[in-house]
Amino acid sequence: YGDWSSDVCSSDLITVYLQKKGYFNAVVTDSVRIKKRKAIVEYHLNPGIPYTNRNIYYATEDSGIDSILQRLKNSSLILPGKNSEEDILDKERERITLEIREHGYYFFNKNFITYERDSALNNHQVDVYLYLNRQNENLESSLQITNPVENHHPYNYNKVSLYTNYDLKKPDAVAERDTSVFRGIYFIKDHKNKYIRTNPLANSVFIKPGDLFLQRNVDHTYSRLADLRIFKLINFRFAEVPRNSLQPNYLLDAHIQLSPLTKQEYKVESELTHNGGNLGVAGSFGYLNRNLFRGAETMEDRKSTRLNSSHRT
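The rules behind these values
Numbers given to residues run from 1 along each chain, matching the order in which its sequence is written. Under the rules for a predicted model, residues below a pLDDT of 70 receive no local features and side-chain atom pairs below 80 are neither given nor counted, while totals for whole chains, interfaces and linings still include all residues. Calculation of side-chain values draws on the structure's entire complement of heavy atoms; hydrogens and water are dropped beforehand. The secondary structure listing takes helices from DSSP runs of H or I that are at least 4 residues long and strands from runs of E that are at least 2 residues long, numbered from the N terminus. Type-normalised accessible area, obtained with a 1.4 Å probe on protein chains alone, sets the label of each residue: buried when under 20%, exposed when over 50%, and partly exposed for intermediate values. Note on contacts: a residue pair is in contact if any heavy atoms of the two residues lie within 4.5 Å. Each accessible area value is a Shrake-Rupley result obtained with a 1.4 Å probe; residue values ignore everything except the protein chains displayed when judging cover. When DSSP locates at least two bridges between a pair of strands, those strands are taken to pair. Think of it as the arc spanned by the lines of direction from the helix axis to the C-beta atoms. For patch detection, residues must exceed 30% relative accessible area and be free of salt bridges, and they are connected within 9 Å for like charges or within 5 Å for nonpolar side chains (Val, Leu, Ile, Met, Phe, Trp, Tyr). Definition used for salt bridges: Asp or Glu carboxyl oxygen within 4 Å of a side-chain nitrogen of Lys or Arg. The axes used here are C-alpha line fits, helices contributing only the stretch in contact, and every angle between their N-to-C directions lies in the interval 0 to 180 degrees. Each helix should span, by expectation, one fewer than its residue count multiplied by 1.5 Å. Here the aromatic set is Phe, Tyr and Trp, taking the six-membered ring for Trp, and pairing holds for ring centres within 6.5 Å; pairs whose planes are under 30 degrees apart are stacked, those over 60 apart are edge-to-face, and all others are tilted. Lysine NZ or arginine CZ positioned within 6 Å of the ring centre and within 35 degrees of the ring normal marks a charge as sitting over the ring. These descriptions rest on fixed angle ranges, namely under 35 degrees for roughly parallel, over 145 for roughly antiparallel, 65 to 115 for roughly perpendicular, and the rest for oblique. If you view the pair so one helix is near and one far, a crossing is left-handed when the near helix is turned anticlockwise from the far one by less than a right angle, and right-handed when it is turned clockwise. Under the scheme applied here, ten amino acids are nonpolar (Ala, Val, Leu, Ile, Met, Phe, Trp, Tyr, Cys and Pro), four are charged (Asp, Glu, Lys and Arg), and all others, including Gly, are polar.

### Structural notes on the overall build of the protein chain
So, step 1. Of the regular secondary structure elements, the protein chain holds five helices and 13 strands.
So, step 2. By residue count, 35% of the 313 residues in the protein chain fall in the buried class.
So, step 3. Of all intrachain contacts in the protein chain linking residues separated by at least 6 positions in sequence, the fraction that spans at least 24 positions is 55%.
So, step 4. Roughly 19,100 Å² of accessible area belongs to the protein chain as shown, and the carbon and sulfur atoms make up 49% of that amount.

What follows is the structure, given as structure tokens:
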């Protein structure tokens, strides 16, 4: 039936685990016996016949997302004939969520996807109904008066800003910042400490004004910035641009916040050695310079020394 966590220590928890694996009628009992002043607990499992998936249905009233959903059902993780497992249903929700976000739907998350399992077929089979809710659709009707139901919306980037000396302790400090625009991206730098040139950073950013929000481009940007090995913090913050009669589009402002590592680093290491009966001390001195020419270059130098003793063992 699979492995369960070592934290499981009661009949109720084991029963819940089996039910999540599709054994809806599982019965678990326990007994305790004393042997040599130790208590031995035995669990007796009667899982019963597992319930398997029969039909899987996908539906939504969101006209913009419906075509995506109908295409995704052809590669569903929920397979007919397989045990109706709860973790597979959750993985399917995550898969659909990721794919929808890859079509520009920044505010979409898996909580919009609900499912029901109909086990009233009396043959240990279930029909799975997976439904994608529109915004506010799963709220109580009384709340929908002030929060009307509407379709989800894909978002494009409006303004992309990159902060090269972001300080967690002073997140709103703006007095000594220089702002320049390069390839449509706003680069905000510390006036007194222009840590890195603009071009190497621009080559690592894959989100541009006017582009559709795509999660993979955000992930790719994060990876490329991390590969530079000069930042201790890389943070993305997105803000929705207010809509009005003059600006009716669904837009996001992107803020990429970067906190640099210490530019220079020194490291001294030592160890006791034993070679051919001679005792000695081996040491190494390391020097690391990040962003040597303000172009994300890294220079590393290491020197080793060895002092031997005439004492033999």
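Next comes the rest of the write-up.
### Section: the pairing of strand β4 (residues 113-118)
So, step 1. Relative to strand β5 (residues 125-132), β4 runs antiparallel, the two being bridged by six bridges. Its bridge partner lying in β5, aspartate 118 is registered against aspartate 127.

### A look at helix α1 (residues 11-20)
So, step 1. Of the positions making up α1, those classed as buried are Ser11, Ile14, Thr15, Tyr17 and Leu18. Along the axis of α1, the buried positions cluster into a sector of 160°, meaning they face one direction only.
So, step 2. Just beyond α1, the residue with positive phi is glycine 22, at close to 105°.

### Some details on a nonpolar patch on the surface
So, step 1. Side chains of Val32, Ile34, Val41, Tyr43 and Leu45 sit close together on the surface and give an oily, nonpolar patch of about 440 Å² of accessible area.
So, step 2. Residue assignment for the nonpolar patch shows that the elements contributing at least two residues are β1 (27-35) and β2 (38-46).
So, step 3. By residue number, the principal contributor to the nonpolar patch is β2, which donates three residues.
So, step 4. Mapped onto the secondary structure, valine 41 falls in strand β2.
So, step 5. Overall, the relative accessible area of 42% leaves valine 41 in the partly exposed class.

### Overview of the sheet that holds strand β3 (residues 52-60)
So, step 1. The three strands are arranged β3-β5-β4 in an open sheet whose pairing can be described as mixed. The open sheet has two edge strands, β3 and β4, and neither has a second partner. In this sheet, adjacent strand axes meet at a mean angle of 20° when their direction is disregarded.
So, step 2. Each of β3 and β5 is contacted by helix α2 (residues 63-72), which is oriented at about 155° to β3, the strand it contacts most.
So, step 3. Where helix α3 (residues 86-101) meets the sheet, it contacts β3, β4 and β5, and its direction lies at approximately 150° from that of β4.

### Quick word on the pattern of salt bridges
So, step 1. Enumeration according to the criterion identifies twelve salt bridges in this entry.
So, step 2. Between aspartate 87 and lysine 21 there is a salt bridge whose closest N-O contact spans 3.4 Å. Taken together, the positions of aspartate 87 in helix α3 and lysine 21 in the loop between α1 and β1 put the pair 66 residues apart, joining distant regions of the chain.
So, step 3. Among the ionic pairs, arginine 33 bridges to glutamate 42, the shortest N-O distance being 3.2 Å.

### Thoughts on α3
So, step 1. Between its terminal C-alpha atoms α3 stretches 23 Å, which fits the 22 Å expected from 16 residues at 1.5 Å a residue.
So, step 2. Burial in α3 covers these residues: Leu89, Glu92, Arg93, Ile96, Thr97, Ile100 and Arg101. Angular distribution of buried residues about the axis of α3 spans 165°; they occupy a single face of the element.
So, step 3. In this structure, the buried side of α3 is in contact with β3, α2, β4, β5 and α5 (215-227).

### Side note on the packing of aromatic side chains
So, step 1. Counting across every chain of the model gives 14 aromatic pairs.
So, step 2. Residues tyrosine 222 and phenylalanine 236 carry aromatic rings whose centres are separated by 6.4 Å and whose planes lie at 45° to one another, so their mutual orientation is tilted. Here the residue tyrosine 222 occupies a position in helix α5, and phenylalanine 236 occupies one in strand β9 (residues 231-240), the gap between them amounting to 14 residues.
So, step 3. Site record: aromatic cluster; members linked through ring pairs are Tyr106, Phe107, Tyr155, Tyr157, Phe213, Tyr222, Phe236, Phe238 and Tyr250.
So, step 4. It is lysine 159 that lies over the ring of tyrosine 186; its NZ or CZ is 4.3 Å from the centre.

### With respect to the packing of α2 against α3
So, step 1. Relative orientation of the contacting elements α2 and α3 amounts to 135°, with a least axis distance of 11 Å. Between α2 and α3, the angle falls in the class oblique. The handedness of the crossing between α2 and α3 is right-handed. Each of Ile65, Ile68, Leu69, Arg71 and Leu72 in α2 lies in contact with α3, whose residues at this interface are Arg95, Ile96, Glu99 and Ile100.
So, step 2. Its residues placed into classes, the contact of α2 with α3 shows six nonpolar, no polar and three charged.

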